[in-house]
Amino acid sequence: MVDNIGGSSSNAENSGMREQDQLLPIANVGRIMKQILPPNAKISKESKETMQECVSEFISFVTSEASEKCRRERRKTVNGDDVCWALASLGFDDYAEPLRRYLHRYRELEVDRSTNQDRGNSPLTREGS
């Protein structure tokens, strides 16, 4: 990465990690970009690489804020609530609230799945009946 706006490449250099190991796979980034575009649209390699760096930097930025909160609270594990808090504290309220709702629904489904496994029921057989 030539431009280092957020500082992630210096972190990669200091930790001995290659830059490409800190970026989301470009194929995944391209797949996500294609989902929102019309079927006949093309995406240049340069735009995929630019987006790859941006989303990786964004994830690092939010995770760093969540991690700092955990450090202040003397916790070692960053959880979904910490990420939601970080998004809100960084001014991304429009993303924090939908993520909170998603996280709540995800946790409900995990409880349901766990309950069904404890009973020996599979979620598929329950839905099919």
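Look a little higher up for the structure.
Just so it is clear, the model here is predicted, and its values are computed rather than measured.

Colleague: Describe the overall build of the protein chain, and please don't skip the residues or the numbers.
Modeller: For the protein chain, the count of helices and strands is seven helices and zero strands. Taken from N to C terminus, the helices and strands of the protein chain fall in the order α-α-α-α-α-α-α. Burial statistics for the protein chain: of 129 residues in total, 18% are counted as buried. If you take every contact in the protein chain between residues at least 6 apart in sequence, the share linking residues at least 24 apart comes to 34%. Element-wise, carbon and sulfur atoms account for 53% of the exposed surface of the protein chain, whose accessible area totals about 10,000 Å².

Colleague: Let's hear about the packing of aromatic side chains: which residues, and what values?
Modeller: Counting across every chain of the model gives three aromatic pairs. Considering the side-chain rings of phenylalanine 58 and phenylalanine 92, the 5.1 Å spacing of their centres and the 85° angle between planes classify their relative orientation as edge-to-face. Of this pair, phenylalanine 58 sits in helix H4 (residues 45-72) while phenylalanine 92 is found in the loop between helix H5 (80-89) and helix H6 (93-119), placing the two residues 34 residues apart along the sequence. In this structure phenylalanine 58 comes out as partly exposed when scored by relative accessible area, which is 35%.

Colleague: An account of unusual backbone geometry is needed here, citing residue identities and associated values.
Modeller: With a phi angle near 55°, arginine 74 is a residue other than glycine that sits in the positive phi range. Turning to its location among the elements, arginine 74 is positioned in the loop between H4 and H5. Since its relative accessible area comes to 78%, arginine 74 is described here as exposed.

Colleague: Give a description of the nonpolar core that names residues and reports values.
Modeller: Residues Val62, Ala66, Ala86, Leu87 and Ala96 constitute the largest nonpolar core, which totals five residues. Of all elements in the fold, only H4 and H5 reach the threshold of two or more residues within this core. Setting aside its immediate chain neighbours within four residues, leucine 87 contacts Phe58, Val62, Phe92, Asp93, Tyr95, Ala96 and Leu99.

Colleague: Give a detailed account of helix H3 (residues 26-36), specifying residues and quantitative values.
Modeller: Looking at H3, one finds that the buried residues are Val29, Gly30 and Met33. Angularly, the buried residues of H3 cover 95° about the axis, an arc narrow enough to put them on a single face. Turned more than 90 degrees off the buried face of H3, the exposed positions are Ile32 and Gln35. Its buried side turned inward, H3 meets H4.

Criteria and cut-off values
- Residues numbered from 1 in each chain as written.
- Predicted model: local features only at pLDDT ≥ 70, side-chain atom pairs only at ≥ 80, totals over all residues.
- Heavy atoms only, no water.
- Helix = DSSP H or I, 4+ residues; strand = E, 2+ residues; numbered from the N terminus.
- Buried < 20%, exposed > 50% of the residue type's maximum accessible area, 1.4 Å probe, protein only.
- Contact = heavy atoms within 4.5 Å.
- Areas by Shrake-Rupley, 256 points an atom, 1.4 Å probe, with all protein chains shown as cover.
- Phe/Tyr/Trp six-rings, centres within 6.5 Å; stacked < 30°, edge-to-face > 60°.
- Core = buried A, V, L, I, M, F, W, Y, C linked by side-chain atoms within 4.5 Å.
- Arc of directions from axis to C-beta.

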